[in-house]
Amino acid sequence: MRVLLIEDDATLGEAVRDHVAASDHAVDWMKTIDTGGAALATTSYGLVLLDLRLPDGSGIDLLKKFRSTGGTTPVIILTAHDQISDRIEGLNSGADDYLVKPFNLGELTARMLAVSRRYSGRPVSLVKVGDLEIDAADRRVALAGEPVTLSGREWAVLDALAARPNAVVSKAQIEEALYAFGSEIESNTVEVYVSRLRKKLGRDHIATLRGVGYRLGREQ
């Protein structure tokens, strides 16, 4: 998925960005309320990681504004504020989870997966489509019980589809999951990776709805 990180600490921001990107998520890293708010207003994200104390204001104010204008993207607060009252304010302002610094990067990954599953309507990480099994938590794919090895971008495309197993996912939504700001987007990139997935998983597992998008499952 595409993740927005709003964090002004260079050391922590770099560590979180690199860790999240290593899991094949696209990451846009902003360091102020102004740039973070602009990114939220112009780009569709799967998740936001938000620091509270930023150079030009409070992350809580940005979160409240985002929710008040109808923003529904899940938000995890990352902050050194460890008082119970701070956590309550963050959650009441619209945050979906709250992680106190310093934190373990593995725990951050687990919380990101848990929050994204809740929002996608996928309460468990395992998705089954016929003889295809996709485990988002372990990043494991099996076809008829046999493991399938995928590249990072192949996984990103498949995971975008698996997050909405009964729905059509548009080409634009898949592109958002693949690329961060500054990355070049080729016009046929999605088609290339869908084709590669079909070669590994079989054509029947990814349906094309021409002019609309793609869906896990057979053509109807």
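Conventions used here
- Residues numbered from 1 in each chain as written.
- Predicted model: local features only at pLDDT ≥ 70, side-chain atom pairs only at ≥ 80, totals over all residues.
- Heavy atoms only, no water.
- Salt bridge = Lys/Arg side-chain N within 4 Å of Asp/Glu carboxyl O.
- Helix = DSSP H or I, 4+ residues; strand = E, 2+ residues; numbered from the N terminus.
- Buried < 20%, exposed > 50% of the residue type's maximum accessible area, 1.4 Å probe, protein only.
- Pairing = 2+ DSSP bridges.
- Axes fitted to C-alpha atoms, helices over the stretch in contact; angles between N-to-C directions.
- Phe/Tyr/Trp six-rings, centres within 6.5 Å; stacked < 30°, edge-to-face > 60°.
- Lys NZ or Arg CZ within 6 Å of the ring centre and 35° of its normal.
- Core = buried A, V, L, I, M, F, W, Y, C linked by side-chain atoms within 4.5 Å.
- Contact = heavy atoms within 4.5 Å.
- 1 Å grid on protein atoms, 1.4 Å probe; cavity = no way out; pocket = protein on both sides within 12 Å on 5 of 7 lines; lining within 4 Å.
- Points joined across faces, edges and corners; volume = space filled by probe spheres on them.
- Nonpolar A, V, L, I, M, F, W, Y, C, P; charged D, E, K, R; others polar.
- Arc of directions from axis to C-beta.
- Polar contact = N/O pair within 3.5 Å; in protein donor to acceptor, adjacent residues only side chain to side chain.

In the nomenclature of an unreviewed UniProt entry, the chain corresponds to Two-component system OmpR family response regulator from the organism Neorhizobium huautlense.

Enquirer: Explain the pattern of salt bridges to me, please; I cannot follow it from the model alone.
Expert: Two side chains of opposite charge can pair, provided their charged atoms sit close to one another. In total, this model carries 11 salt bridges according to the counting rule given. Arg111 is the partner of Glu107 in a salt bridge, and the nearest nitrogen-oxygen pair spans 2.8 Å. On the criterion of helical spacing, the pair formed by Glu107 and Arg111 is a turn pair, its members being four residues apart in helix H5 (residues 105-120). Judged by its relative accessible area of 33%, Glu107 falls in the partly exposed class. Salt-bridge contacts for Glu133 lead to Lys128; the nearest nitrogen and oxygen are separated by 3.7 Å. If you follow the salt bridges from partner to partner, you end up with Glu7, Asp51 and Lys101 in one network.

Enquirer: Honestly, the sheet that holds strand E6 (residues 75-79) in this entry has me stumped. Any pointers?
Expert: Strand pairing in a sheet is mediated by backbone hydrogen bonds. Such pairs are either parallel or antiparallel. Pairing is parallel across the open sheet formed by five strands, whose spatial order is E2-E1-E3-E6-E7. Looking at which strands have only one partner, the edges of the open sheet turn out to be strand E2 (26-30) and strand E7 (97-100). Neighbour-to-neighbour, the strand axes of this sheet turn through a mean angle of 20°, independent of strand direction. Inspection of the sheet shows strand E1 (residues 2-6) paired to E2 by five bridges, in the parallel sense. The partner of Leu5 across the bridge, within E2, is Trp29.

Enquirer: Hey, could you run me through the packing of aromatic side chains in this one?
Expert: The final tally for this structure, using the stated rule, is zero aromatic pairs. In this structure, Lys31 is placed above the aromatic ring of Trp29, and the distance from its NZ or CZ to the ring centre is 4.5 Å. The ring of Tyr193 carries Arg196 above its face, with NZ or CZ at 4.9 Å from the centroid.

Enquirer: Please clarify how the nonpolar core should be interpreted in this entry.
Expert: Grouped burial of nonpolar side chains is what soluble globular proteins tend to show. Judged by nonpolar contacts, the single largest core of 26 residues is most densely connected at Ile134, Val141, Val157, Leu158, Leu161, Ile174 and Leu216. Of all the elements in the fold, those that place two or more residues in this core are strand E8 (126-129), strand E9 (132-135), strand E10 (140-143), helix H6 (152-162), helix H7 (171-178), helix H8 (189-201) and strand E13 (213-216). A per-element tally of this core places H6 first, with six residues. When sequence neighbours within four positions are dropped, the list of residues in contact with Val141 reads Leu132, Glu133, Glu146, Pro147, Val148, Leu150, Trp155, Leu158 and Leu201. In this structure, Leu4, Leu54, Leu63 and Ala95 belong to the second largest nonpolar core, which totals 19 residues.

Enquirer: Looking at this structure, I do not really get empty space enclosed by the protein. What am I missing?
Expert: Empty space among the atoms can be located by rolling a probe the size of a water molecule over them. Summed over the entire model, instances satisfying the criterion amount to one cavity of 30 Å³ or more. For the largest cavity, the full set of lining residues is Ile6, Leu40, Val48, Leu50, Leu62, Leu63, Phe66 and Val75. Breaking the lining of the largest cavity down by element, the ones donating at least two residues are strand E3 (47-51) and helix H3 (59-68). Ranked by the residues each element gives to the lining of the largest cavity, the list is headed by H3, at three residues. Residues of the lining of the largest cavity, tallied by class, amount to eight nonpolar, no polar and no charged.

Enquirer: It is not clear to me how H3 should be interpreted in this structure. Could you clarify?
Expert: The α-helix advances 3.6 residues per turn, and as a result positions three or four apart in sequence lie on the same side. Every buried residue of H3 is accounted for by Gly59, Ile60, Leu62, Leu63, Phe66 and Arg67. Down the axis of H3, the buried set is contained in an arc of 160°. They therefore lie on one face. Across H3 from its buried face, at more than 90 degrees, point the exposed residues Lys65 and Ser68. Residue Ser58 occupies the N-cap position of H3, its side-chain oxygen lying 3.1 Å from the main-chain nitrogen of Ile60.

Enquirer: Teacher, can you tell me more about the sheet that holds strand E11 (residues 146-147) here?
Expert: Taking strand neighbours across the sheet as the criterion, the four strands line up as E8-E9-E10-E11 in an open arrangement whose pairing is antiparallel. The open sheet has two edge strands with one neighbour each: E8 and E11. Here E10 runs beside E11; their pairing, made up of two bridges, is antiparallel. Bridge pairing in E11 places Ala142 opposite Pro147. Along the sheet face, H6 touches E8, E9 and E10 and points at about 100° away from the line of E9.

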